[in-house]
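Residues per chain are reported as follows:
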Amino acid sequence: MRFKKQNIFLIIIVLGIIGWVFSDMFGQPSTEDLKGGFKEVATYRNDNNTGPIQRVYAVTVKDTSNAQLVDYGNLMPHSKYGNTKVYYFIAGVSVPTNLLPGDVNFDKKYNSSCFAVYEKGAMGNFGLVKNPFREH
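The model shown is predicted, which means the values in this text are computed figures rather than measured ones.

> Can you lay out the environment of Pro52 for me, pointing to particular residues and giving the numbers?
If you trace the backbone, Pro52 turns up in the loop between β1 (38-45) and β2 (54-61). Along the sequence, Pro52 and Gly82 sit 30 residues apart, while their C-alpha atoms lie 4.5 Å from each other.

> Go over the pairing of strand β4 (residues 114-120) with me, naming the residues and quoting the values.
Across the seven residues that make up β4, a large majority, six, are buried. Note that strand β3 (residues 83-90) and β4 share six bridges and pair antiparallel. Paired with Phe89 across the bridge in β4 is Cys114. Note that β4 and strand β5 (residues 126-130) share five bridges and pair antiparallel.

> So, the nonpolar core: which residues are in play, and what are the values?
If you look at the biggest cluster of nonpolar residues, it comprises 14 residues, and the most contacted ones within it are Phe38, Val59, Val61, Leu69, Tyr72, Val86 and Tyr88. Among the elements of the structure, β2, α2 (69-75), β3 and β4 are those that each provide at least two residues to this core. Sequence-distant contacts of Val86, that is, excluding residues within four places in its chain, are made with Tyr57, Val59, Tyr72, Gly73, Met76, Ala116, Val117 and Tyr118. Among the nonpolar cores identified, the runner-up in size contains eleven residues, and Ala42, Ala58, Tyr110 and Cys114 belong to it.

Cut-offs applied
- Residues numbered from 1 in each chain as written.
- Predicted model: local features only at pLDDT ≥ 70, side-chain atom pairs only at ≥ 80, totals over all residues.
- Heavy atoms only, no water.
- Helix = DSSP H or I, 4+ residues; strand = E, 2+ residues; numbered from the N terminus.
- Buried < 20%, exposed > 50% of the residue type's maximum accessible area, 1.4 Å probe, protein only.
- Pairing = 2+ DSSP bridges.
- Core = buried A, V, L, I, M, F, W, Y, C linked by side-chain atoms within 4.5 Å.
- Contact = heavy atoms within 4.5 Å.

What follows is the structure, given as structure tokens:
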């Protein structure tokens with residue numbers, strides 16, 4: 001009788017651990033869970049897999065006042081010693097559909113439509129700049 005109680009106890013423990021692992025796997029937040037109405041319009045990733053990887057995203061936002069811009073940026077893929085940039089545009093305005101490598105990632109005619117940029121650097125430090133192309 002004691003052997004059966006131990007087996008039942010072990011089965012309950014194993015099922016509990018499996019349940020916890022599955023809830024953790026499927027309970028991870030995604031960009032769809034964030035406030036703001038995000039829609040990815042364009043992406044760029046360089047082909048260099050041995051050196052710094054550069055990722056650039058152009059994203060439209062429906063609700064800019066409640067948008068979780070930093071949280072969205074933190075959910076984007078990032079590589080150690082790489083760089084990830086997310087340019088945020090108001091939904092319904094002109095948005096670049098082609099992104100480029102380097103410091104200037106799209107045609108300057110879209111600068112006025114970009115209301116924020118998130119950047120995560122090589123060491124994992126990140127920041128958000130609002131109105132990045134506003135002339136002083």
